[in-house]
Amino acid sequence: GVAAGKIFVEMERARLTLQLARIHEEQGKIKEAGEVLQEVAVETFGAMAKTEKIAFILEQVRLALDRQDYVRAQILSRKVSHRAFADADESKDAEGKKKLSSVVQPPAEGTPSLLELKGRYHKLMIRYYMHDDEYLEACRQYQSLYEDARKAVSKGDEANADTMETDADAETYLPFLQRVCWLVCLSTSGPMQKSLLEQTRTDKAVRDMLPAHHELLTAFGNAEVIGWPELDAKISKALEKEIDVFGAKGSDVRERRVGHLKQRVTEHGILVIAKYYRRITLTRVGELLGLSASDAEKRICTMVNEGHIACKIDRVVGVVDFATAKGESPAAVLDSYAASVRDVVGLVERSSHQISREMQRHGLASKA
């Protein structure tokens, strides 16, 4: 209260507030710790070092997540830009500390380096995204952690990284890579998901050290219908061991997320069917997907509503028409025809104009 609004002691107030929040946390008062800390807007402090600002904001995000205040956690996390970690290198960070201006004060003792803060940021964002089952965003955070771990192992010599690595080195990044594999398959199909899937599938570490995960990625990467029983037999052991993504055995979280994985297998099958079939009966779709005709119809309708495919279902005869799967609705076809006609008419007019010019020029030349 005494230091509130006084710019010349803002940094001291922020540091004391952080200590007070830690005291509350040690006493088990998470709510009070979060409320005390969230009142300080360190992003407006011009004299505070960048690393100390980021560390302070990440503490605010962590306490918001601990209180299960996910809306506030998202708002606070947006104060940290990805560009803030662009130079997350120990050497660059050390050089930056030497070049601090007279306005910016050195960070408080014990402030983590920018590289450590980057890892902490990604882990906090994983907690946030996994709460809402935003698998693709969580996958991107794990991908960043994996890439940073690989760089740390290679120590700048990426060309000879594979020959220099030991088993202990691999253990530092393999857990991150395993979660990338699971989460990219749990993500809804889309351009970014497909790009990340292909990038992960062709990673040498996946091929050589994670055979079950490579089987999973290959199944989703191929344009073939996946049978869940056959896929489950190949990945069941790896699936049981994965707790960070799917939760503890027997938990509601595991049941829900395994269900999401089965759903993605079904969606992949429908996308493959839409690619190869123009018309197909619902009964046959159900046979290919291992579902009843009614369940297959529900899944197709959901994918149409979400914009993943375009089709029409004749429920009287039980036939799915994927003729519009390319996005060629009757209105779109007419629009394309009209545009083509305009282009042709424009070319004819231009050609006629050029011919007229040539005729006039030759006609004038002959008279002269």
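For every chain, the first residue of the written sequence is number 1, and numbering continues from 1 onward in sequence order. Residue-level local features of this predicted model are given only where pLDDT is at least 70; pairs of side-chain atoms are given and counted only at 80 or more, and the full residue set underlies all totals for whole chains, interfaces and linings. Side-chain descriptors were evaluated using all non-hydrogen atoms of the structure, hydrogens and water having been removed beforehand.

A. Region of the structure containing the overall build of the protein. Numbering goes from the N terminus for both helices and strands, where a helix is a DSSP run of H or I of at least four residues and a strand is a run of E of at least two. Along the protein, the regular secondary structure elements total 17 helices and three strands. Taking all 368 residues of the protein together, the buried fraction comes to 38%. When checking whether two residues touch, look at their non-hydrogen atoms; a contact exists if any pair is within 4.5 Å. Sequence separation of at least 24 residues holds for 61% of the intrachain contacts in the protein that already meet a minimum separation of 6. Shrake-Rupley sampling with a 1.4 Å probe provides the accessible areas, and residues are treated as covered by the protein chains on show and by no other component. Accessible surface, the protein: about 21600 Å² in total, of which carbon and sulfur atoms supply 53%. Think of it in three bands: residues with accessible area under 20% of the maximum for their type are buried, residues over 50% are exposed, and the middle band is partly exposed, with areas taken using a 1.4 Å probe on protein chains only.

B. Highlighting the confidence of the model for the protein. pLDDT measures how confident the predictor is about each residue, on a scale from 0 to 100. The pLDDT averaged across the protein works out to 84; a share of 87% of its residues lies at or above 70. Within the model, pLDDT remains below 50 along residues 90-96, and this stretch shows six contacts once partners closer than five positions in the same chain are excluded.

C. Representation of unusual backbone geometry within the structure. The residue Q68 is not glycine, and still its phi comes out positive at about 65 degrees. With respect to the helices and strands, Q68 occurs in the loop between helix 3 (50-66) and helix 4 (70-77). Positive phi values are uncommon outside glycine, yet D133 reaches one of about 55 degrees. Here D133 is to be found in the loop between helix 6 (114-131) and helix 7 (135-154).

D. Representation of the sheet that holds strand 1 (residues 279-281). Reading across from one edge, 1-3-2 is the order of the three strands in this open sheet, with antiparallel pairing throughout. With partners counted over all chains shown, the strands left at the sheet margins are strand 1 and strand 2 (312-314), one partner each. Neighbouring strand axes in the sheet, compared pairwise and without regard to direction, differ in orientation by 25 degrees on average. If DSSP finds at least two bridges between two strands, the strands pair. Fitted lines through C-alpha atoms serve as axes, helices being fitted only where they are in contact, and the angles separating the N-to-C directions of these axes extend from 0 to 180 degrees.

E. Expanded view of the packing of aromatic side chains. Here a Phe, Tyr or Trp ring, Trp counted by its six-membered ring, pairs with any other such ring whose centre lies within 6.5 Å, and the pair is stacked when the planes are under 30 degrees apart, edge-to-face when over 60, and tilted otherwise. Tallied over the full model, the rule gives five aromatic pairs. Aromatic side chains F85 and Y121 sit 5.4 Å apart centroid to centroid with 40 degrees between the ring planes, which places their arrangement in the tilted category. In this pair, F85 is assigned in the loop between helix 4 and helix 5 (90-98) and Y121 in helix 6, connecting sequence segments 36 residues apart. Measuring from ring centre to ring centre gives 5.3 Å for Y128 and Y129, while their planes differ by 65 degrees; the resulting arrangement is edge-to-face. Here Y129 falls in the buried class, since its relative accessible area comes to 14%. Charge-over-ring placement is defined geometrically: NZ (Lys) or CZ (Arg) within 6 Å of the ring centre, and within 35 degrees of the ring normal. Cation over ring: R150 sits above Y173, and NZ or CZ is 4.6 Å from the ring centre.

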